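# Structural features, examined
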Amino acid sequence: MESSIDRIGDPWGSRVPHGRHKSWAARVDTFLSEGVEPAMVQGWVQAASILHSDGDAMDIAVMDGRMVGVRGRATDRVNRGRLGPKDLFGWQANASPDRLTRPLVRENGRLVESDWDTAMSRIVTRSHGLLDDRGPGALGFYTSGQLFLEEYYTLAILARAGIGTNHLDGNTRLCTSTAAEALKESFGCDGQPGSYDDIDHADVIALFGHNIAETQPVQWMRILDRLEGSEPPQLLCVDPRPTQVARRAAVHLAPRIGTNVALLNALLHEIVRTDRVDHGYIEKNTVGYEELAVGVKDCTPGWAARICDVPVARICEAAELLGTADHLLSTVLQGFYQSHQATAAAVQVNNLHLIRGMLGRPGAGVLQMNGQPTAQNTRECGADGDLPGFRNWQNDAHVAELAEVWNVEPDTIPHRAPPTHAMQMFRYAEQGSIRMMWISGTNPAVSLPDLARVRSILAKEGLFVVVQDLFLTETARFADVVLPAATWGEKTGTFTNADRTVHLTDKAVDPPGEARPDLDIFLDYAARMNFRDKDGGPLVSWQDPESAFEAWKRCSEGRPCDYTGLTYTKLREVGGVQWPVNQQAPEGTERLYTEGISWAHPDLCESYSKDLVTGAADDASAYRSRNPDGKAMIKTAGYVPAHEQPNEQSPFQLTTGRTLYHFHTRTKTGRVPQLNKAAPEVWVEISAVDAIAQGLTEGDLVEVRSPRGALRGRLRITEIRPGLLFVPFHYGYWDTPAGSGPNARTAGRAANETTITDWDPASKQPLFKTAAAAITLVERTDGSQAPAPTTTASAPADPAGLQPTVGGLDAHASQVRDTAWNLSGGAR
């Protein structure tokens with residue numbers, strides 16, 4: 001048991017080394033409130049983590065009707081008892097004194113406390129009025145990556161078949177839509193091919209834009225244990241920051257932001273050139289290899305080195321590592337996903353595995369990772385831009401099948417145009433066609449790009465905003481109705497992690513005041529709206545989490561994400577189980593595609609594919625012509641420079657991201673003493689070379705400005721690649737006097753004041769990685785360091801290694817101008 005270790009200063013804890021092909025041993029991490037001893041705990045209630053996508057299984061300690069701690073569950077397949085810092089401490093936010101406990105409604109421009117009947121009546125009245133006057137397209141629903149499966153499925157049916165709107169998406173659009181799109185483009189269907197257990201078997205682990213040490217800390221513990229055991233794997237890290245992964249990597253590539261496709265094309269070029277491909281696997285299981293080989297023929301390491309600003313030798317070393325791996329595991333996350341060629345880059349990682357035959361066996365797999373705990377469920381249940389059960393909105397047979405499950409006519413379900421993605425929903429609200437936006441469990445006033453624009457939309461006269469959340473967030477301050485929601489530990493439901501593992505989380509304590517589970521709120525709305533099926537019965541026939549889960553099982557039957565072999569009882573007894581779980585796989589499915597590609601056939605596939613560069617969607621006939629037998633699709637894409645490039649006014653590239661100690665917009669983790677103390681305030685990272693050139697020192701207060709807006713933070717000098725600034729995106733305004741945004745006299749605090757309204761053409765994921773920005777000094781430091789963690793990628797650079805740039809500021813400015821000229825192809 002590991003309970004007394006400082007899990008802030010030592011986030012990953014002690015090592016339990018294990019060798020290749022060996023089982024990962026248990027290590028139970030525990031944290032109890034001060035003064036609480038294990039013998040005092042009156043009950044332990046099953047749960048799993050709600051503060052990242054790892055799905056770490058744990059038990060909640062309960063005493064006198066309140067949470068008093070957590071412990072990891074040693075028998076669970078995902079974490080073997082280990083918990084990360086957010087797992088250990090994050091639960092304390094539930095008891096924050098500023099939890100919402102009663103509904104709020106807007107009266108005379110102010111939010112005032114009300115009752116549930118008044119609040120829901122206002123929502124229902126507005127819903128009916130808009131449906132009568134403008135039709136279902138006037139209503140939009142924007143949800144979370146933190147609700148439960150049962151809640152997403154209920155929301156999907158009431159939005160799609162009750163209201164009949166095409167406007168339903170989740171904030172998973174910001175973090176996981178590229179994962180889904182890349183899997184659909186390569187395999188015809190969503191669903192992770194690999195498994196966390198592949199870490200135990202791989203001889204090479206490649207992490208593409210994935211800071212696993214901070215985003216999935218328990219799986220980093222697993223990799224660390226492998227690195228300390230026999231036959232340790234070699235790591236390839238592609239990341240512009242000096243992450244913990246980069247520090248342990250055999251090869252670290254730090255490419256210029258926005259050049260991932262060029263880098264991957266060069267790696268593919270080398271593997272094809274050296275014929276390190278599995279021709280038998282390619283012939284049997286894929287289409288498109290010949291086009292790929294032609295497409296990357298001229299993408300030499302030298303060509304990529306000039307674009308990516310990475311040494312040719314490093315690219316060749318990386319290709320050698322990938323090309324000679326016996327069992328290759330690759331993971332991908334936001335460093336690839338939040339860019340202008342997100343889907344194209346992620347698909348090229350899939351291509352690496354397809355041409356090398358690295359799928360469907362232990363240690364050979366790919367994980368297009370998720371960022372949020374229940375991101376997978378939004379995709380499965382159709383609470384994002386998909387139909388439930390990974391059905392294809394362009395396939396009339398799929399729509400008819402779903403209509404039969406819901407007992408409605410097929411035309412009830414909107415499917416004549418693509419489901420509306422989140423960025424387009426906010427554009428429609430800006431233009432005035434969406435007149436009501438129901439926002440559940442997310443905080444777009446901090447998490448969406450170009451926040452000045454987002455605030456203006458939320459404040460727009462004529463837009464009726466409903467916010468369903470735990471706290472009075474920056475977004476809730478714009479609402480017309482605020483509904484107090486229960487959260488993890490206060491309600492029961494299931495959710496699925498990034499490697500398809502389903503967990504059940506049981507209710508441990510009552511929610512505060514009048515707060516209600518999200519499922520109960522959606523059920524109340526469905527009943528008040530009197531949604532009916534085609535026979536006049538209730539459209540939503542379930543009344544509690546377990547009956548909602550049983551309804552979902554019927555919807556998932558026969559689809560890739562088949563849950564029919566799961567029950568609440570089984571999940572309580574066994575713990576996490578990987579879908580599909582059915583008669584053919586009653587104990588779950590560790591890996592997909594062990595016997596070929598299953599779901600890419602034209603009659604079965606979730607998508608008919610898109611052009612990776614333009615995003616243009618194919619139709620059924622084009623797809624059937626290209627892939628009549630339903631094989632995996634090897635798709636190439638040429639490199640396209642980022643839309644916004646550095647220039648004389650904005651000479652730096654700006655990227656945003658996460659830190660180990662916070663989640664999303666800090667609405668929970670910012671209220672936890674241990675986590676908030678570890679990273680209490682926003683900061684700005686810069687390279688040592690750039691700091692010297694700009695005349696800046698550690699701890700200076702600086703302003704970062706882009707064409708959209710500005711933020712201020714203390715400076716951290718790190719080993720980040722030159723020419724790049726990094727800002728964590730977690731920090732908003734709820735714990736500042738401004739409340740909902742920057743005040744009129746100062747720059748902002750939120751990274752997304754600066755980011756751009758733009759998105760990947762295929763996945764529609766916004767770009768948080770490729771803005772151009774300038775940095776200026778506001779105030780000299782008093783000698784203090786920046787409020788950034790020193791245990792993570794934000795660790796300060798070694799002062800002994802800091803040397804002035806030859807030529808000083810003028811030389812640096814000239815270098816920046818030359819870089820901008822080269823990136824733009826010589827066009828100003």
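Note that the coordinates shown come from a computational prediction; the quantities given were computed from them, not determined experimentally. (Residues numbered from 1 in each chain as written. Predicted model: local features only at pLDDT ≥ 70, side-chain atom pairs only at ≥ 80, totals over all residues. Heavy atoms only, no water.)

## Examining the overall build of the protein chain
Applied cut-off: Each helix is a run of H or I in the DSSP string that is no shorter than four residues. Each strand is a run of E no shorter than two, and both are numbered from the N terminus. The reference for a compact globule is 2.2 Å times residues^0.38; the radius of gyration itself is calculated from the C-alpha atoms. Burial classification: accessible surface area is computed with a 1.4 Å probe over protein chains only, and a residue below 20% of its type maximum counts as buried, one above 50% as exposed, and the rest as partly exposed. Exposure was quantified through the Shrake-Rupley algorithm and a 1.4 Å probe, taking into account, for residues, occlusion by the shown protein chains and nothing else. Asp and Glu count as negative and Lys and Arg as positive, but His and the ends of the chain are not part of the count. Charge positions come from single atoms, namely NZ of Lys, CZ of Arg, CG of Asp or CD of Glu.
A count of helices and strands for the protein chain gives 26 helices and 27 strands. Here the protein chain has a C-alpha radius of gyration of 25 Å; the compact-globule value for 828 residues is 28 Å, and the two agree. Judged by the C-alpha coordinates and their principal axes, the protein chain covers about 75 × 65 × 60 Å. The burial tally for the protein chain puts 67% of its 828 residues in the buried class. On the protein chain, roughly 26,700 Å² of surface is accessible, and the fraction owed to carbon and sulfur atoms is 48%. For the protein chain, the separation between the mean place of its 81 positive charges and that of its 102 negative charges on side chains is 3 Å.

## Here we look at the sheet that holds strand β6 (residues 110-113)
Inclusion rule: Following DSSP output, two strands are said to pair if at least two bridges run between them. A fitted line through C-alpha atoms serves as each axis, taken over the contacting stretch for helices, and the angle formed by two N-to-C directions is quoted from 0 to 180°. Two residues qualify as a contact provided that any one of their heavy atoms is within 4.5 Å of a heavy atom in the partner residue.
The seven strands are arranged β6-β5-β17-β16-β15-β7-β8 in an open sheet whose pairing can be described as mixed. Since the sheet does not close on itself, it has two edges, and those belong to β6 and β8 (168-170), each with one partner. Going from strand to strand, the sheet's axes swing by 20 degrees on average, the running direction of each strand aside. Across the sheet, helix α2 (residues 116-133) lies against β5 (104-107), β7 (139-143), β15 (436-440), β16 (464-469) and β17 (481-484), angled at about 130 degrees from β17, the strand it touches most.

## Considerations on the side chain of E606
Filter applied, for reference: The term salt bridge refers to a side-chain nitrogen of Lys or Arg lying within 4 Å of a carboxyl oxygen of Asp or Glu. Any N or O atom pair separated by 3.5 Å or less is treated as a polar contact, with the protein-specific requirement of one donor-capable and one acceptor-capable atom, and with residues adjacent in sequence counted only for side-chain atom pairs.
Take E606: it is sitting in the loop between β20 (577-578) and α23 (620-626). K184 provides the closest opposite charge to the buried, unpaired E606, separated from it by 4.1 Å. Within the structure, E606 has its side chain in polar contact with the backbone nitrogen of D190 (distance 2.9 Å). Residues contacting E606, with those up to four places away along its chain left out, are K184, G188, C189, D190, D386, F390, R391 and N392.

## As for the sheet that holds strand β4 (residues 66-72)
Taken together, four strands build an open sheet; the order of strands is β1-β4-β3-β2 and the sheet is antiparallel. The sheet terminates laterally at β1 (30-32) and β2 (43-48), the two strands that pair on one side only. Strand after strand, the sheet turns through a mean of 25 degrees between neighbouring axes, direction not considered. Note that β1 and β4 share three bridges and pair antiparallel. For F31, the partnering residue across the bridge sits in β4 and is V70.

## Quick look at the environment of S121
With respect to the element layout, S121 can be found in helix α2. Residue class for S121 comes out partly exposed when judged on its relative accessible area of 29%. On a C-alpha basis, the gap between S121 and D133 in space is 18 Å, while along the polypeptide they are 12 residues apart.

## Digging into the confidence of the model for the protein chain
Heads up, the rule is: For every residue, the predictor states its confidence as a pLDDT score lying anywhere from 0 to 100.
This prediction gives the protein chain a mean pLDDT of 94; 96% of its residues lie at or above 70. Below pLDDT 50 for its whole length, residues 801-828 participates in 31 contacts with residues either more than four positions away or in separate chains.

## So, the pairing of strand β9 (residues 204-208)
Along β9, five of the five residues are buried, which leaves the element largely enclosed by surrounding structure. Of the two faces of β9, the one carrying V204, A206 and F208 and the one carrying I205 and L207 are both buried. Pairing of β9 with strand β10 (residues 234-238), which is carried by five bridges, proceeds in the parallel orientation. Counted as the bridge partner of A206 is L236 from β10. As judged from the five bridges shared by β9 and strand β13 (residues 328-332), these two strands associate in the parallel manner. Within β13, the position partnered with A206 by the bridge is S330.

## Looking at the environment of R15
The topology assignment puts R15 in the segment before β1. Judged by relative accessible area, which is 25%, R15 ranks as partly exposed. Spatially, the C-alpha atom of R15 lies 24 Å from that of H327, the residues being 312 residues apart in sequence. Excluding anything up to four places from it in sequence, R15 contacts R27, M221, L224, D225 and E228. In terms of polar contacts, R15 uses its side chain to reach the backbone carbonyl oxygen of W12, at 3.3 Å.

## Quick notes on the nonpolar core
The criterion, for reference: We define the nonpolar core as a collection of buried residues of types Ala, Val, Leu, Ile, Met, Phe, Trp, Tyr and Cys that are connected through side-chain atoms lying within 4.5 Å of one another.
Of all hydrophobic cores here, the largest spans 121 residues; its most connected members are F208, W220, L236, F336, I355 and W488. At nine residues, the largest contribution of residues to this core is made by helix α8 (residues 260-273). If sequence neighbours within four positions are ignored, W488 has contacts with A47, A48, I50, M58, I60, M67, V70, W91, N94, F148 and T505. Counting 67 residues, the second-largest nonpolar core is a separate cluster that includes V124, L519, L539 and W579.

## Examining the side chain of H664
As for its position among the elements, H664 is in the loop between β22 (652-657) and α24 (673-678). Dropping the residues within four chain positions of it, H664 is found in contact with Q146, N171, Q372, T442, N443, S447, R658, F729 and H730.

## Considering the state of the cysteines
For clarity, the cut-off: Two cysteine sulfur atoms make up a disulfide if the distance between them is within 2.5 Å.
Going through the model one piece at a time under the given rule, you end up with zero disulfides. Free of any disulfide, C316 has its nearest neighbouring cysteine sulfur in C308, separated by 13 Å. For the unlinked cysteine C555, the closest cysteine sulfur is that of C381, found at 7.9 Å.

## Let's talk about the packing of α2 against helix α20 (residues 518-529)
Basically, it comes down to this: With respect to orientation, any angle under 35 degrees is reported as roughly parallel, any angle over 145 as roughly antiparallel, any angle of 65 to 115 as roughly perpendicular, and every other angle as oblique. Here is the rule for handedness: rotate from the far helix to the near one, and if that takes an anticlockwise turn smaller than a right angle the crossing is left-handed, while a clockwise turn gives right-handed. As a working rule, the residues Ala, Val, Leu, Ile, Met, Phe, Trp, Tyr, Cys and Pro are called nonpolar, Asp, Glu, Lys and Arg charged, and the rest polar, with Gly in that last group.
Two numbers describe how α2 lies on α20: the axes approach to 10 Å, and their chain directions differ by 55 degrees. In this view, α2 runs oblique relative to α20, as classed from their interaxial angle. The handedness of the crossing between α2 and α20 is right-handed. Between α2, through W116, D117, M120, S121, I123, V124, S127, H128 and L131, and α20, the contact on the second element is made entirely by I521, D524, Y525, R528 and M529. For the contact of α2 with α20, a count of residues per class yields eight nonpolar, three polar and three charged.

## Considering the packing of aromatic side chains
This is how it is decided: A pair of aromatic rings is counted whenever rings of Phe, Tyr or Trp (Trp by its six-membered ring) have centres within 6.5 Å, and the orientation is called stacked for planes under 30 degrees apart, edge-to-face for over 60 and tilted otherwise. Whether a charge sits over a ring depends on NZ of Lys or CZ of Arg being within 6 Å of the ring centre and within 35 degrees of the ring normal.
Under the defined criterion, the tally for this structure stands at 19 aromatic pairs. Consider the rings of F148 and F495, whose centres lie 5.6 Å apart with planes at 20 degrees: the pair is stacked. Separated by 347 residues along the polypeptide, F148 in the loop between β7 and α3 (149-163) and F495 in strand β18 (residues 493-496) bring together distant segments of the chain. Since its relative accessible area comes to 1%, F148 is described here as buried. A relative accessible area of 1% means that F495 is categorised as buried. Chaining the aromatic ring pairs together yields one cluster made of Y153, W406, W542, F549, W552, Y563 and Y568. If you follow R241 out to its NZ or CZ, it ends over the ring of F726, 3.5 Å from the centre. Note that R516 overlies the ring of W116, its terminal NZ or CZ placed 4.1 Å from the centroid.

## Describing the packing of α3 against helix α21 (residues 545-556)
Packed helix pairs are specified by the crossing angle of their axes together with the interaxial distance, meaning the distance between the axes. Between α3 and α21, the shortest axis-to-axis distance is 9 Å and the interhelical angle comes to 65 degrees. Compared by their axis directions, α3 and α21 come out roughly perpendicular. Between α3 and α21 lies a crossing whose hand is left-handed. On α21, the residues that touch L149, E150 and Y153 of α3 are P545, A548, F549, A551, W552 and C555. Counted by class, the contact of α3 with α21 contains eight nonpolar, no polar and one charged residues.

## Observations regarding unusual backbone geometry
Following W579, the chain continues into P580 via a peptide bond in cis, with omega recorded as -5 degrees. On the secondary structure map, P580 appears in the loop between β20 and α23. A positive phi angle, close to 55 degrees, is found at D64, a residue other than glycine. On the basis of relative accessible area, D64 is assigned to the exposed category, the value being 58%. Phi is positive for E231, close to 50 degrees, though the residue is something other than glycine. Tracing the chain through its elements places E231 in the loop between α6 (217-227) and β10.

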